[in-house]
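# Structure assessment
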Amino acid sequence: MESNRVLITGGLGFIGAHFVHHMRKLQPESHLVVLDKNTYAADISRIQSLINTQNFTYVEGDIANQAVVNSVFEKHQPQQVIHFAAESHVDNSIAGPKLFLTTNVEGTFNLLEAARNTWLKEAHKLNEGFKKARFYHISTDEVFGSLGKEGSFNENTNYAPNSPYSASKAAADHWVRSYFHTYGLPILSSHCSNNYGPHQNDEKLIPTIIRTALTGQPIPIYGNGLNVRDWLYVEDHCTAIAKVLTHGIPGDVFCIGGNAERTNLEICTYILEQLDKLHPKVDGASYAEQIRFVEDRLGHDFRYAIDATKIKKELGWEPQHSFDAGLKKTIQHYLLKYKNLS
Ligand SMILES: NC(=O)c1ccc[n+]([C@@H]2O[C@H](COP(=O)([O-])OP(=O)(O)OC[C@H]3O[C@@H](n4cnc5c(N)ncnc54)[C@H](O)[C@@H]3O)[C@@H](O)[C@H]2O)c1
């Protein structure tokens, strides 16, 4: 039987790399192609164990370059695209929004065009060999904007992006949707809440708390620390993506969340209590004394929460990690990574 060919963009990033390993285990026969620009957010060591193995190809390239994207499609003829590649850090989007337009919007457009040209004989008619093709855009819950104290996002929530990052992801979502309705491109997409786990970039909240704590620096918390996010362990996001990819029907959209709402301050306090136990300071002081409230992020969304009923009911997905268990694993990882910096 001919093996499946899968293109994973952004496979050197935090979630993409976890997903590459997940797919390798789920589909050992499939040819996986990772396309990644190798930006500051990438780390090739995340997938080093797969480089130079059978059925695996890594291509360093920019999705914002149509010629690069076309050549990957021409050479590898992927039947499935799981599109993670993006500029993903909100603070960077505030400091320099243009790159978010280029990568997140134009990059997605280039992939859609290459998929359209490769998969479709004409609108709504797939070529032989691509009958089960899927284009899966990994979106975010941030496209829905900010919630008040009550309520949660679901698949019918209106778009209201508030940052250049979320605006670029929302724009990409709209392009993806339009290719389904106009051309019949078999698309899937999902909106997930904040991911956490090992191998996340240093700049993100949880690694920042642990790194600054262990190196004796001020631990920065935006505003009053009361902004609320829902958190999902990265491996649970990967199992959800795999379910959507396998069982989703073209045009399907799912919201994915961990049912674990926490304020930034709660997360910080919990982590520091764990560090006090696992790696006590020599002077016996608590790491909590290093917390410093810093000027709030511009346009900082107050609260995100996800109603994941649809994916649970329709696809039988459930997260396997409680927030407590996932965070403990995560803390162990960063403790090992950062403790020698102190
Ligand atoms: N991290 C989260 O909490 C979260 C939550 C929901 C959705 N998402 C979405 O999931 C996806 C992955 O997020 P992440 O946290 O792993 O991001 P990340 O920043 O860790 O990784 C992004 C990867 O994309 C690559 N990339 C960036 N620009 C590129 C370009 N022009 N061409 C090719 N590759 C490029 C980077 O090199 C990097 O390897 C993103 O689309 C993000 O919007 C993330």
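Here, the structure is the one placed above.
Definitions and limits used
One numbering rule holds for all chains: residues counted from 1, following each sequence as written. In view of the model being predicted, local features appear only for residues whose pLDDT reaches at least 70, and side-chain atom pairs are presented and counted only at 80 or more, with totals across whole chains, interfaces and linings using the full set of residues. Fitted lines through C-alpha atoms serve as axes, helices being fitted only where they are in contact, and the angles separating the N-to-C directions of these axes extend from 0 to 180 degrees. A helix here means a DSSP run of H or I that spans at least four residues, while a strand means a run of E at least two residues long, and both kinds are numbered starting from the N terminus. Put simply, angles under 35 degrees are roughly parallel, angles over 145 are roughly antiparallel, angles from 65 to 115 are roughly perpendicular, and the rest are oblique. In this scheme the crossing of two helices becomes right-handed for a clockwise turn of the near helix relative to the far one and left-handed for an anticlockwise turn of less than a right angle. This entry defines residue contacts through backbone-placed C-beta atoms, with two residues in contact when those atoms are within 7 Å. Ten residue types, Ala, Val, Leu, Ile, Met, Phe, Trp, Tyr, Cys and Pro, are classed as nonpolar, four, Asp, Glu, Lys and Arg, as charged, and the remainder, Gly among them, as polar. To assign burial, the other C-beta atoms lying within 10 Å of each residue's own C-beta are counted, with C-beta atoms placed from the backbone; 20 or more indicates buried, 12 or fewer indicates exposed, and intermediate counts indicate partly exposed. Every helix has an expected span of 1.5 Å times one less than the residues it contains. Any residue qualifies as near a molecule or strand once its backbone-derived C-beta atom lies within 6 Å of it. A set of buried residues drawn from Ala, Val, Leu, Ile, Met, Phe, Trp, Tyr and Cys, joined through C-beta atoms within 7 Å, is what defines a nonpolar core. Pairing between strands requires that DSSP locate at least two bridges from one strand to the other.

## Overview of the packing of helix α6 (residues 205-214) against helix α8 (residues 264-278)
Closest axis-to-axis distance for the α6/α8 pair is 10 Å, and the angle between their directions is 40°. Classified by the interaxial angle, the pair formed by α6 and α8 is oblique. By crossing handedness, the relation of α6 to α8 is classed as right-handed. Each of L205, I206, I209, I210 and A213 in α6 lies in contact with α8, whose residues at this interface are N264, C268, I271, L272 and L275. Classifying every residue of the contact of α6 with α8 gives nine nonpolar, one polar and no charged.

## A few points about the environment of N92
You can see N92 is positioned in helix α3 (residues 90-95). Exposure remark for N92: the 17 C-beta atoms within 10 Å place this residue in the partly exposed category. The spacing of N92 and S152 is 60 residues in sequence and 26 Å in space, taken between C-alpha atoms.

## A few points about helix α1 (residues 14-26)
The terminal C-alpha atoms of α1 lie 19 Å apart, and with 13 residues this matches the ideal 18 Å at 1.5 Å per residue to within 8%. Looking at α1, one finds that the buried residues are F14, I15, G16, A17, H18, F19, V20 and M23. The inward-facing, buried residues of α1 contact β1 (5-9), β2 (31-36), β4 (80-83), β9 (194-196) and α7 (234-247).

## A short note on the site of the ligand
Surrounding the ligand, one finds 30 residues, the nearest of these being G10, G13, A41, A42 and A86. Among the secondary structure elements, those contributing two or more residues to the shell around the ligand are α1, α4 (98-119), β7 (134-140) and β9. Take the shell around the ligand: its biggest share by element is three residues, from α1. Looking at the shell around the ligand, its residues break down into twelve nonpolar, 13 polar and five charged.

## Re the nonpolar core
Soluble, globular proteins show a tendency: their nonpolar side chains are buried together. One finds I8, F19, V34, I82 and I256 to be the most contacted residues of the largest nonpolar core, which totals 88 residues. With seven residues, the top contributor of residues to this core is helix α5 (residues 164-183). Once residues lying within four places of it in the same chain are set aside, the contact partners of I8 are G16, F19, V20, L32, V34, I82 and F84.

## Concerning the sheet that holds strand β12 (residues 253-256)
In spatial order, the strands read β3-β2-β1-β4-β7-β8-β12; together these seven strands make up an open sheet with parallel pairing. Bordering the open sheet on either side are β3 (56-60) and β12, each of which pairs with just one other strand. Between one strand axis and the next, the sheet turns through 15° on average, direction left out of account. Bridge count for β4 against β7 is four bridges, and the pairing is parallel. Across the sheet, the residue bridging to I82 is Y136, located in β7. Strands β4, β7, β8 (187-192) and β12 of the sheet are contacted by α7, whose axis makes an angle of about 155° with β8.

## Brief notes about unusual backbone geometry
Positive phi is not limited to glycine here, since N52 has a value of about 65°. Structurally, the position occupied by N52 is in the loop between β2 and β3. The residue H124 is not glycine, and still its phi comes out positive at about 65°. Examined against the element boundaries, H124 turns out to sit in the loop between β5 (120-122) and β6 (125-126).

## Considerations on the environment of G197
Secondary-structure assignment places G197 in the loop between β9 and α6. The buried category is assigned to G197, around which 23 C-beta atoms lie within 10 Å. Residues G197 and H18 lie 179 residues apart in sequence; the distance between their C-alpha atoms is 9.7 Å. With sequence-adjacent residues up to four places away left out, G197 is seen in contact with Y233, V234, E235, G326 and T330.

## Some points on the sheet that holds strand β11 (residues 228-233)
Read from one edge to the other, the open sheet built from three strands follows the order β9-β11-β13, with strand pairing classed as mixed. One side of each edge strand has no neighbouring strand; the edge strands of this open sheet are β9 and β13 (261-263). Neighbour-to-neighbour, the strand axes of the sheet open up by a mean angle of 50°, direction not taken into account. Along the sheet, α7 contacts β9 and β11; its crossing angle with β11, the most-contacted strand, is approximately 70°.

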